[in-house]
Structure formats: C-alpha cells, structure tokens
Amino acid sequence: MKIRGYFLPICIFMLHLGMYAQSGISVSGTVSDADGAPLPGASVVVKGTTTGTQTDFDGVYTLTNVAPEATLSVSYIGFTSKDVSVNNQTTINVSLQEDTQALDEVVVIGYGEMKSKDLTSSITTVKAEEISATPTASPMQALQGKVAGLQVVNNGSPGQGPTIRVRGIGSYDTGASGPLYVVDGMFFDNIDFLNTADITSISILKDASAAAIYGVRAANGVVLIETKSGAYNKKSEITYDGYSGFQVAQNILKLANSEQFATLARESGSAPDIQFIDNAMQRYGRSRINPNVPNVNTDWYDEILRPALIQNHSLGVTGGSENATYAIGANYFEQQGILKMKNEYERFNLRSKIDFKVNDRVTIGGNAVISNATRFDPENSAFRLAYYAVPILPVFDNNLANNEAVFPTNHANAQDLGYRGGQNPFPTMDNSELRSKIRNVLANFYAQVEIVPEKLTFKTAYNHNFQTIERREVRLPYFIGNGFQRENAELVKRNETYSNQIWDNTLTFTDSYGDHNFTVLAGSSFRDESYEQLQAKGLNFPLSGEEAYYLDQAQTIVQDDVGDDGRREYGLSFFGRVSYNYANKYLLYGTYRADGTNKYQEKWGYFPTIGAGWVVSEENFMQNNGIFDFLKLRGSWGKLGNDKVPGSEGAITSTVVTTAFGDTMVNGVNTTSNFTSLKWEVTEEINAGISARTFNNKLSLEADYYVRDTKDAVIPIEVPLIPDATRQNVGEIRNQGFELALNWSDQVSEDFSYSVGANFATLNNEVLDTDREPYIDTGSAEFRQRTRVGDPVFSFFGLEVDGVYQTQAQIDADPSAQFEIDNGRTIVPGDLKFKDQDGVEGITADDRVMLGNYLPTYSFGFNLGFNYKAWDFSAAAMGQGGNSILNRKRGEVIFTNDTNWDRDFAVNRWHGEGTSNSYPSSAGIRKGWNQQLSDFFIEKGDFFRIQNLTLGYTINKGGALKGIPQTRVYVTAEKPLTIFDYNGFNPEVSNGVDNETYPIPAIYTLGVNIKI
C-alpha cells in the first residue's frame, strides 16, 4: 500500500500521457461473492454503453478502451448489482453481496422448488451462514430465536437434541408433537446426527398449505433440510471449518449455605433437625467463623459441575465439471458434559453427494451420509441429589473409624448424621456408565428424465435410512451405609434397529401460455418402516474393567428384564399439486394427498389444501407508488395428518372365575374388552398473510395469522364397566397466533454493509373438546396438571396464594382459617394464606384454579450483523414469556423434610411479622397445609437471552493475494447471558416441570474457516 502511495503521482502522470495516445484505458479484475469465491458468468458493462463482457471460469474479466471517468455496472443472478467508478484505475476487483431480498429467490418446498414471490404459504428459510454460527451438535439448536412461531427448547446434555414445536401443541400425546424432518427427501424424527457445516438451508413449512404435500406426517409442521452440493463448471474448492472452545454452567442455582441451613433448621422447631446440626458439629467440628455451625460448607452444585471442552472439525470438497457435480466431506465433533462424570458425546460423519448428466435429458445422482456417534449419558438424579443434599455434609468422610465398611470410595453419608437418605450424589455418579453407540446410514439415489425438455420431467428416488443403537448401562456396586448402597453390579444391554425406506415417483409439468404460468405435479410414495429391540439384564459380573461388561460374564440373568420387541409399518401415498399464476399477479396453489397405512383400523386418510395470493404491487394502480416495491396478500386452508400417535391397543380378554351358588362351586367366564380403534389425528388450519418489500427492497416484512385446530385428537376416556381409561379420537385442540418477521439490509458502500432483523410471535393454545370428560388429569396427585375445555393443555392446577399470615389477629379474622382450625388443622403466623374461590367455608379442592401453562404465549428474536472490509460481526438475541414452570424440586419437600433449601427461600422466608408476604416460614414449609400445590411452587418462565455474538476477520478476502487461501478467523460467545426470575438453572424446561433439568451452558469458541 505504501509503495502504491509513493508512485501514485507517477501513475497519474502516465495515465494522462496515455489519454493523448488513445481514447480509453484497459480495465481488468475479478468479480467474487462476499466470501471471495469467484463468480463465473458475471456481467461487467460500461454504464450507458453497449460495451461489456462476462467473467470467465475464475471470475476474471477484461475491458478495453474504457473512458477513465466511466462507471462499470456489475451484476450476477441472485446478487445485488453494483456500480463502480473507474477513476483511472486499471485493476478493479468487485465483491457482490447475495441479494437475500431477491423476489426470484428459489425456496425449497415439498418435492420441488418455487420462487419466493409465487408462494401462498408460510415458509421461513434459514441459510447456512446462520446455522453454522452456532457451536452445537444439533442443527435445530441454531434456529432458536430465528423463526417466528418455532419454539426450540434446548437440552444441555451432550448429544441430546432440543424439543421442537411448530405453532404450539396439537396432540395430547406430547411424544407425538414433533415436526417431520425431511433431509434431501428422506423422512426423520430428528436430525441430531447431521453436521451443521453440511447444511445449505433449513426451511420451516409452518402452515397447512405448505406442509400438506406430506399428508399424514405433517400435522406438526415440516422441516426441510438441503445438504450442500457441488455446482456445474465450478473449480474444486476445499474448505476447512473448525473451532475449539469450552463450556461453563451459567446462572448456577444458589443453595442455602451451612449457616443459613442451620438457621432454617433451628427456626423449624424440629428437634431431630436441630440434633442433626449438633451431630455434624461433633463429627466435623465447629466453624471458626460461627461456632454454632459445623465446619463444613459444601456447595454441591459447585462440586458436581465442571468446565467442559467442545470442538468441531469439518473438511469438505465441492466442485463440478460440465456434466457432473460433487460434494464430499468429513466431520468430527466432540462435546464433554459439564457434569463431573463419564458424560460426553463424540461423532464422526462422512458425506458424499454426486449428480451426473448422462445426456441432455437424463440426470442421475446419489447422496450418502454415514454417522457414527458415541454418547455417555449423565445420571440425571445427580442434580436432584445435589439440590437436596445438606451443606453440612462433605463430599468425602475421613472419619474412617466410623466408616470402615465404605467402598469403593469413602464418600460421606448423611445417614451418619441422622438423616434418612444418604444425599451424596457422587456414589451414583462415580459408579455409573451409560453408553449409547448410535450409527446412522442415509442413502439416497435418484434418476431424473426430461421427457419434454423444460416442460415435462419424471423423477424417481429411493431413500433408505438405517440406524442402530447399542445401549449399555453399567452400574457398579458401592456401599456408603445401610439403605444407601448398590449391592449388585448391574449390566443392561439393549440393541435397537431402525430401518426406513421410501420410494418416491413424481411427474412434473411446467408451461406458460401468454400470462398464464402453471406447474402440475403428480406422484406416489411408498414407505416401509421397521423397528426391532432386544434387551437383557445381568447381575454380578467381574469388576475387572470394560472387558467384563458382557452378559456372558454375569452370574444371574434377570428373566423379567429380558425383552424382545418390534414392529413394521407400511404406507402408500398418492399426491398431486397445482401451482398457477396469471401475469405474476394472481396466484393459486393446491395440493391433495391420499395416505394409506397398516397402522390404524382406518386405512386411508385424505388431506387437501388450497392457497391463493394477490401480488398487489403488480397492479397498474400500484406502479410507482413510492412505498412498496413488492406487496402480496396471501391466504390458505388445508388439512394435515398426524400418525405419530401410537396405534390401536388393547384386546378382548376372558378370565375364568369361580363362585359359590348355595353349597356348589360354579365355574364361569368373565369377558372384557378395552380395544381402542384409533386413526390419525387431523389438523385443519387457516392462514392469512402479507409479504412486502419497501425502501428499495431494503426492508422485508412477513406477517401471518393462523388458526390451527387438531380434530380427532387422541385423549383418554373413562368407559363404563371397563377398568382404566381408553384412548379414543374424540378431542379437539386449537392453536392460534400471529407471527411477524422484519428484516432490513443495506449496502452502504463497497466496504460497509449491515443488516437488522426481528421476529415476534404469539400463541394461544386452547382445548375445545374433551368429549364427555369434564377434564383430564395428568401428573401425580401432589403435582396435578389438568386439561379442561377453555384452557391450554396440561395446565397447572392448584390453589392461589393470597399472602402469608403475619399475626394471630389475621388468622382470627379469617373465616376460612377458623373453619380449618375448627376441623383440627393448625394454622399459625408464617403459614400461607390461600384464596377462597368458591365462597364456601374452608379451603377445599373446589378452590383450586388453573395456575398457568408451560407453553409461552409470546416469543421474539433479534439479529444484527455488519461487514466492514475484512471484518464481520453478528449478534442475536431471543426471549419468550407468558409461560409457567412448576418448581417441583422445591415442591418435593412434601416427600421428606430431610433436605436443604435453595438460597432464595432461605433469604426471603417469613421469620417474623412483615418479613415476607409470599414465602412461608421454615416451620410452615414442613406442614402439609403449605405443601399443597399452589402458585408458590409455580413460577414465571419469562426470559431474555443474548443468543450469540460472533466477531470475525477474513485474511485475503476477495483473493487478491495469490497463493494465500482465504482464511476467516472468528470468536463466538453462545448464550453468554440469560436474564430471568425463575428459581432454577435456566427457564428452558420442555414440559414445564423442573425436577432434574440439565443446565444449559454458555459456550465460548475460537474458530477458523479456510477456503482453497
């Protein structure tokens, strides 16, 4: 740069000399994308003239006889055009930005593609760069906060995927509420085995119009994944993308320390609890700071948690010739768990994708992904034990005189202090190993024939996914004390095999007649799914290491734990689709699918949909309106199916009974039937939306309002004369809401561009019908959840707290309290005061009300990014609210009082008049009156999170330095800050009941991306 600066006057002088010799100068350079990849075939034209050229295979162009003061106009399909002033320059390299707002952008839909401007449905697509920015094993975690109407509930345990919900829950069976994943045409229930670096895009098909082409599989939304491909006439490109970093637990729940715990015990008035404190002082000594507290102050969460490493390395090669494209790659991912035990996830993937033009009409191709993963799961009970473990107990007990029988490690035992349970989580953690070996093979082959070039195309595709899971659970014996021990070495082996085959055939006709444009698709699909499981349990094998972890080594095989199970399901489907537009203004879209299956008694289901759109901006009266560059109104209706609900069950049973008539015994037969004839649940949805672009296409807007009703929902029904409830298709559940997405992007100059985006969504879940049942209860009697018409599914149901009794005078003045006292209950200051809902004396079951639901009523996300020369920065944030969490950890005091308490309770408890009007006293929380399920145990799940921060610098951006690969170095902070009020590790609890939730860590990484 300095040398060029010194010679600038000389260059200018030489250029002036040249102007006298000829009328113009020669200009050359390269045209590339934002990442520096060359753009072959880009147009470079001298503005205002017919002089121009196209870039060659390497993105290089040359123009001669160009006026020194001219302007070059550079353009490429799918990218924002750019004008560059020549200013006497002979070398001009141009970098184009992808036009993310382009209306001709192609969007992946079921069994095909459509232009964005022609869509009548609600589809959101997330590109590769947004997905790969998140360091995670599961691609879906990268979508959290990026798609309106998509709920992603993370799980911090390595290798465990998130819970995904598209527009709420439409099934009473929560296991049947996940979306369908389609990876290059193959169906999956989850995509945790995929490497994020192998993905080109993820499209969320949210409404019925978009998803109905998948019929019976699509009731909960469809997630379409496109993996990376090569390109014709593209030089080979080698890419390495890798990062390493560490994870740390954040928002660690604070528990009561020894001093607070001792205070709580003494305030409780419980003689045994006070004695346990004295026992600890005798055993471990007194604190030098406070002689009334034992000389032990264990922070159990601090003991069981650790920083953990994470790393990911991907290597890929893409390219293509005139007749073939290819993309091959390998990936290694490793994530250690933050729980201090054998808890980690390791995965190795291989991938290849090839397309080959046999001739001008025939193309064939194949795609294969091989994934080999090993996951060591945590003992989740460790988090429960750590929460309840008293702080006056150390991890290890060196008083061997009283502990000589302990093996294999001298872990401390709370029973030695008088408590009923051992409490220490380490014996369980250190003597358990829960391993799963997960192998996935996805193979896809297709052939495509252009029967009539550019009009009629036939495609046949075969997809096969084969998965095996080898589960090994090893639990070694230990002895800490009587009642806190594992007597036998336990070994559980379970092998699961899944096979899923799909054969699709489609015929597509595309044509135009004047202003009439249409595409017609007809197809069939056959699927064959099978599952087999074999398991057994052995006891007392040699404790000589992993070589002994085989059932043949066990002394005893537990017969009741030997199982052999399996199933096989077939499906045959026929489907069709028509997409029509007139003059690019009036849009019509419709699909119809008939699904047949052997899973239910009703063999066939029929799922139609229709959508319409009006591109208002194409009307003559909207031309040059000065506001909208593009404006489209759209609406759709459709039906979808859900075959994730388990099939029919039950049987006709006959039982021989004997009874006495007079003095004679008589034999008879008692026949009962609880057989349930089920069919798939059916979701019917209406969607209305607006798509708009304004401010020269810099601002885009997508807004949708939907009403989604699940009819024939499977719910448990009490049938007279039949024991237990039977499952029947008689329920109805509604989800409705509003979704809004705004995105602004601008290329301020050649060196600087930025983008800002936001999304917002609401959700109202409501039960419309439970047949003849007034309500349906789930959960235990102590922690009741109730489904009732007019309320959301699985709402928390209990008493409403109306404060805390401060004085005896308040109790004397309260009729409800006096009624309870008159009936033998003891109520004193420091006890919770419950609201009398029905006006009848006393607090009864009839005073219970709905206390909240775990589905958020609103959610939002933000993103910001900018590029300045070689620097890039992005930030993302998200949040949700309106949902509730049952803090069952705190609520399980109902089962035992021999536990610690969280610090929030210890600090805010009632301990005298005016000290608290929301928390009971230490004595009160131990009483059954205060332990009833109430909103004291139900907390708000609202939170705001900075989701991701990424800063990167690209070396040799644009490829000007020959021989040096384009290299981007970046740092990321994933989930570095979460703000919430909930009294737990984090407010992400998939079912709203926090009993033993694995913490979600913050992740900090350093990465590099190299392109050669």
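Parameters at a glance
Note that residues are indexed from 1 along each chain, following the sequence as it is written. Local features in a predicted model are, by the rule used here, given only for residues with pLDDT of at least 70; side-chain atom pairs are given and counted only at 80 or more, and totals for whole chains, interfaces and linings are based on all residues. Values shown for side chains rest on all heavy atoms present in the structure; no hydrogens or waters enter the calculation. Helix numbers and strand numbers start at the N terminus; a helix is a DSSP run of H or I with at least 4 residues, a strand a run of E with at least 2. Note that the radius of gyration is over C-alpha atoms, with the globule rule given as 2.2 Å times the number of residues to the power 0.38. Under the scheme applied here, a residue whose accessible area is under 20% of the maximum for its type counts as buried, over 50% as exposed, and between as partly exposed, the area being computed with a 1.4 Å probe on protein chains only. The contact rule is simple, with two residues in contact once any of their heavy atoms fall within 4.5 Å. Throughout, the Shrake-Rupley method with a 1.4 Å probe supplies accessible areas, and for residues the shown protein chains are the sole cover considered. Neither His nor the chain ends contribute to the count of charged residues, in which Lys and Arg are positive and Asp and Glu negative. The atom standing in for a charge is NZ when the residue is Lys, CZ when it is Arg, CG when it is Asp and CD when it is Glu. Think of it this way: a Phe, Tyr or Trp ring, Trp meaning its six-membered ring, pairs with another when their centres are within 6.5 Å, and the plane angle makes it stacked under 30 degrees, edge-to-face over 60, tilted otherwise. When DSSP finds at least two bridges between two strands, those strands are taken to pair. A residue counts toward a patch only above 30% relative accessible area and without a salt bridge, and it is joined to like-charged neighbours within 9 Å or, for Val, Leu, Ile, Met, Phe, Trp and Tyr, to nonpolar neighbours within 5 Å. Every case where a carboxyl oxygen of Asp or Glu lies within 4 Å of a side-chain nitrogen of Lys or Arg is listed as a salt bridge. Orientation is described by axes fitted as lines to C-alpha atoms, over the contacting stretch for helices, and by angles from 0 to 180 degrees between their N-to-C directions. Any pair of N or O atoms that falls within 3.5 Å is considered a polar contact. Within protein, one atom must be able to donate a hydrogen and the other to accept it, and sequence-neighbouring residues count only if both atoms are side-chain atoms. It is the directions from the helix axis to the C-beta atoms that the arc portrays. Note on residue classes: Ala, Val, Leu, Ile, Met, Phe, Trp, Tyr, Cys and Pro are nonpolar, Asp, Glu, Lys and Arg are charged, and everything else, Gly too, is polar. Definition used in this section: a nonpolar core is a set of buried Ala, Val, Leu, Ile, Met, Phe, Trp, Tyr and Cys residues joined via side-chain atoms within 4.5 Å. Known as pLDDT, the predictor's per-residue confidence is scaled from 0 to 100.

**Student:** Pulling in residues and values, what's your account of the overall build of the chain?
**Tutor:** Each helix and strand in the chain was counted, giving twelve helices and 52 strands. Computed over C-alpha atoms, the radius of gyration of the chain comes to 33 Å, within 12% of the 31 Å expected from 2.2 N^0.38 for 1012 residues, which places it in the range of a compact globule. Structurally, the chain occupies a C-alpha span of about 115 × 80 × 70 Å along its principal axes. Across the 1012 residues of the chain, 51% fall into the buried class. Across the chain, contacts joining residues at least 24 apart in sequence account for 70% of those joining residues at least 6 apart. Summed over its atoms, the accessible surface of the chain is roughly 44,300 Å², and 54% of this surface lies on carbon and sulfur atoms. Taking the 85 positively charged and 119 negatively charged side chains of the chain as two groups, their mean positions are separated by 4 Å.

**Student:** Tell me about the packing of aromatic side chains, and please be specific about residues and values.
**Tutor:** In total, this model carries 37 aromatic pairs according to the counting rule given. Between Phe-276 and Tyr-419, the aromatic rings sit 4.4 Å apart at their centres with planes inclined by 55°, giving tilted as the arrangement. In this pair, Phe-276 sits in helix H5 (residues 271-284) while Tyr-419 sits in the loop between helix H7 (381-388) and helix H8 (426-430), placing the two residues 143 residues apart along the sequence. Exposure class is identical for Phe-276 and Tyr-419. Each is buried.

**Student:** An account of the pairing of strand E31 (residues 604-615) is requested, with residue identities and associated values reported.
**Tutor:** Taking every second residue as pointing to the same face, the buried face of E31 carries Gly-605, Phe-607, Thr-609, Gly-611, Gly-613 and Val-615, while none of Trp-604, Tyr-606, Pro-608, Ile-610, Ala-612 and Trp-614 on the other face is buried. As paired elements, strand E30 (residues 586-597) and E31 share eleven bridges and run antiparallel to each other. By the bridge assignment, Thr-591 is partnered in E31 with Thr-609. Here E30 hands over to E31 after six residues, the two strands then running antiparallel side by side. Relative to strand E32 (residues 628-642), E31 runs antiparallel, the two being bridged by seven bridges. Bridging from a neighbouring strand, Trp-614 pairs with Leu-633 of E32.

**Student:** Report on a nonpolar patch on the surface, specifying residues and quantitative values.
**Tutor:** A surface patch of nonpolar side chains, about 1,000 Å² in accessible area, is lined by Phe-445, Tyr-462, Trp-503, Phe-526, Tyr-570, Leu-572, Phe-574, Tyr-592, Trp-604 and Tyr-606. Residue assignment for the nonpolar patch shows that the elements contributing at least two residues are strand E29 (563-582) and E31. No other element matches E29, which puts three residues into the nonpolar patch. Summarising the element assignment, Tyr-606 is placed in strand E31.

**Student:** Summarise the sheet that holds strand E41 (residues 785-787); cite the residues concerned and give the values.
**Tutor:** Spatial strand order, E40-E41-E42-E45: four strands in an open sheet with antiparallel pairing. Edge positions in the sheet fall to strand E40 (776-778) and strand E45 (849-852), since each has one partner strand and no second. Strand-to-strand twist across the sheet, computed as the mean angle between neighbouring axes with direction ignored, equals 45°. Alignment of E40 against E41, held across three bridges, turns out to be antiparallel.

**Student:** Which residues make up the environment of Asp-872, and what values go with them?
**Tutor:** Among the structural elements, Asp-872 can be located in strand E47 (residues 871-881). On the accessibility criterion, Asp-872 (13% relative accessible area) is buried. For the pair Asp-872 and Thr-519, spaced 353 residues apart in sequence, the C-alpha to C-alpha distance is 41 Å. If we ignore the near neighbours within four places in the chain, the residues touching Asp-872 are Phe-866, Asn-867, Thr-950, Leu-951, Gly-952, Tyr-953, Thr-954 and Arg-968. A distance of 2.8 Å separates a polar atom in the side chain of Asp-872 from a polar atom in the side chain of Arg-968.

**Student:** Which residues make up the sheet that holds strand E4 (residues 60-66), and what values go with them?
**Tutor:** In spatial order, the strands read E4-E1-E7; together these three strands make up an open sheet with mixed pairing. The sheet is open, and its two borders are formed by E4 and strand E7 (94-95), each paired with just one other strand. Note that strand E1 (residues 25-32) and E7 share two bridges and pair parallel. What sits directly across from Ser-32, in E7, is Ser-95.

**Student:** Describe the side chain of Thr-298, listing the residues and the values that go with them.
**Tutor:** If you trace the backbone, Thr-298 turns up in the loop between H5 and helix H6 (300-304). Using a relative accessible area of 12% as the deciding quantity, one classes Thr-298 as buried. One polar contact links the side chain of Thr-298 to the main-chain carbonyl oxygen of Leu-393, over a distance of 2.7 Å.

**Student:** Summarise helix H4 (residues 258-268); cite the residues concerned and give the values.
**Tutor:** Of all the residues in H4, the buried ones are Ser-258, Phe-261, Ala-262, Leu-264, Ala-265 and Ser-268. Down the axis of H4, the buried set is contained in an arc of 160°. They therefore lie on one face. Where the residues of H4 are buried, they touch H5 and helix H12 (903-908). The opening residue of H4 is Asn-257, an N-cap whose side-chain oxygen sits 3.2 Å from the backbone nitrogen of Glu-259. Note on H4: the residue one or two positions beyond its end, Gly-269, has a positive phi of about 75°.

**Student:** Explain the packing of H4 against H5 to me, and be specific about the residues and the numbers.
**Tutor:** Closest axis-to-axis distance for the H4/H5 pair is 8 Å, and the angle between their directions is 140°. Residues Phe-261, Ala-262, Ala-265, Arg-266 and Ser-268 of H4 lie in contact with H5, whose contacting residues are Asp-273, Ile-274, Ile-277, Asp-278 and Met-281. A per-class count over the contact of H4 with H5 returns six nonpolar, one polar and three charged.

**Student:** Could you give an account of unusual backbone geometry, with specific residues and numbers?
**Tutor:** With omega at -5°, the peptide bond leading from Phe-407 into Pro-408 counts as cis. Structurally, Pro-408 is set in the loop between H7 and H8. In the Ramachandran plot, Asp-184 falls in the positive-phi region, its phi being about 50° despite a non-glycine side chain. Residue position: Asp-184 is located in the loop between strand E13 (180-183) and strand E14 (186-188).

**Student:** Kindly report on the nonpolar core, identifying the contributing residues and their values.
**Tutor:** In terms of nonpolar packing, the biggest core is built from 50 residues, with Leu-143, Leu-150, Tyr-214, Val-222 and Ile-225 touching the most fellow members. Tyr-214 has contacts with Gly-110, Tyr-111, Leu-180, Val-182, Phe-187, Leu-205, Val-222, Leu-224, Arg-593 and Asp-595, leaving out every residue within four places of it along the chain. Of all hydrophobic cores here, the second largest spans 39 residues; its members include Ala-308, Met-341, Val-390 and Met-429.

**Student:** Describe the environment of Pro-291, and please don't skip the residues or the numbers.
**Tutor:** Looking at the element boundaries, Pro-291 is found in the loop between H5 and H6. Here Pro-291 falls in the partly exposed class, since its relative accessible area comes to 45%. For Pro-291 and Met-281, which are ten residues apart along the polypeptide, the C-alpha to C-alpha distance reads 8.8 Å. With sequence-adjacent residues up to four places away left out, Pro-291 is seen in contact with Met-281 and Arg-286.

**Student:** Outline H7, listing residues and values.
**Tutor:** Of all the positions in H7, only Ala-382, Phe-383, Ala-386, Tyr-387 and Tyr-388 are classed as buried. Those residues of H7 that are buried are in contact with H6, H8 and helix H11 (888-891).

**Student:** Got a sec to walk through the environment of Ala-412? Specific residues and values, please.
**Tutor:** You can see Ala-412 is positioned in the loop between H7 and H8. A relative accessible area of 0% means that Ala-412 is categorised as buried. Sequence separation between Ala-412 and Pro-427 is 15 residues, and the spatial gap between their C-alpha atoms is 9.2 Å. Contact partners of Ala-412, with chain neighbours within four places excluded, come to Tyr-284, Leu-393, Pro-394, Val-395, Phe-396, Asp-397, Gly-422, Asn-424 and Ile-480.

**Student:** Which residues make up the pattern of salt bridges, and what values go with them?
**Tutor:** Evaluation of the coordinates by the stated rule reveals 59 salt bridges. Among the salt bridges present, the one from Arg-634 reaches Asp-704, with a minimum N-O distance of 2.6 Å. One end of the pair, Arg-634, is in strand E32; the other, Asp-704, is in strand E36 (residues 699-718), with 70 residues separating them in the sequence. Through salt bridges with shared partners, one network takes in Arg-375, Asp-377, Glu-379, Arg-471, Glu-473, Arg-475, Arg-494 and Glu-496.

**Student:** Describe the confidence of the model for the chain, and please don't skip the residues or the numbers.
**Tutor:** Of all residues in the chain, 93% have pLDDT values of 70 or greater, and the mean over the chain is 88. For the stretch residues 1-22, pLDDT sits under 50, and the model shows four contacts to residues farther than four places along the chain or on other chains.

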